[in-house]
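The chain contents come next:
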Amino acid sequence: KPEYAFIGRSNVGKSSLINMLTNKKGLAMTSQTPGKTLLINHFLINNEWYLVDLPGYGFAQRGKENREQLKRIIENYILDREQLTNLFVLLDCRHEAQKIDLEFMEWLGESGVPFSIIFTKIDKISKGRLKENLKVYTDKLLETWEELPPIFLSSSEKKEGRDEILDYIESINNSLNN
Ligand code: GDP
């Protein structure tokens, strides 16, 4: 079954987003952990696809060794998983482009990993600020990329972005089945 993974820096709003995506009627969710590590959680959705919760990256408070080990686990999953269909990279819409996120996406590109971006917590800033921030971010991305990946906006607080993200996943699943 296809897997859709979610990743982002600690505190970006990943748990809230995953709750928003899965906490409604119509989504039958089973928690499964077939992998070798409890750090990576798989949730079977509607018996059709797996939502994969990857650990946050770039913790300052973790020791260097822990951080390296975590990085290896994440990288192994991303590079080895044939079922990984799309990786959602979460970015906090309030912050400017962070080096660690840009480097991570660059690595995804070099490794040929399909990914999309979700800007989180859009309820926290005004529409105008959001537009400005997105422009700065996409300009930055276009310095290294010819094309932008799909971009989604979400607010777990206001329950926004849920349908767009789930529809996107469904459309990829449909194209895989045809
Ligand atoms: P994680 O560490 O990436 O899993 O982040 P969490 O989901 O735990 O969220 C971190 C903090 O941001 C928590 O205090 C959440 O309540 C808050 N948060 C997450 N998503 C949103 C959002 O869409 N809007 C607002 N206003 N706060 C959010």
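Above this note sits the structure.
Because the structure is a prediction, the values reported are computed rather than measured. (Residues numbered from 1 in each chain as written. Predicted model: local features only at pLDDT ≥ 70, side-chain atom pairs only at ≥ 80, totals over all residues. Heavy atoms only, no water.)

1. Structural notes on the packing of helix 1 (residues 14–22) against helix 5 (residues 162–177)
Then, in step 1: Where helix 1 meets helix 5, the closest approach of the two axes is 10 Å, and the angle between their N-to-C directions is 75°. By the angle between their directions, the pair helix 1 and helix 5 is classed as roughly perpendicular. Here Leu17, Met20 and Leu21 of helix 1 lie close against helix 5, whose contacting residues are Arg162, Ile165 and Leu166.
Then, in step 2: Considering only residue class, the contact of helix 1 with helix 5 consists of 5 nonpolar, no polar and 1 charged. (Axes fitted to C-alpha atoms, helices over the stretch in contact; angles between N-to-C directions. Helix = DSSP H or I, 4+ residues; strand = E, 2+ residues; numbered from the N terminus. Parallel < 35°, antiparallel > 145°, perpendicular 65-115°, else oblique. Contact = heavy atoms within 4.5 Å. Nonpolar A, V, L, I, M, F, W, Y, C, P; charged D, E, K, R; others polar.)

2. Points about the site of the ligand
Then, in step 1: All residues adjacent to the ligand are Asn11, Val12, Gly13, Lys14, Ser15, Ser16, Lys121, Asp123, Lys124, Ser155, Ser156 and Glu157.
Then, in step 2: Within the backbone of Gly13, a nitrogen or oxygen atom sits 2.9 Å from an oxygen atom of the ligand.
Then, in step 3: Contact with the protein chains covers 70% of the free accessible surface of the ligand, which is 570 Å².
Then, in step 4: Grouping the constituent residues of the shell around the ligand by class yields 1 nonpolar, 6 polar and 5 charged. (Near = heavy atom within 4 Å. Polar contact = N/O pair within 3.5 Å; in protein donor to acceptor, adjacent residues only side chain to side chain. Areas by Shrake-Rupley, 256 points an atom, 1.4 Å probe, with all protein chains shown as cover.)

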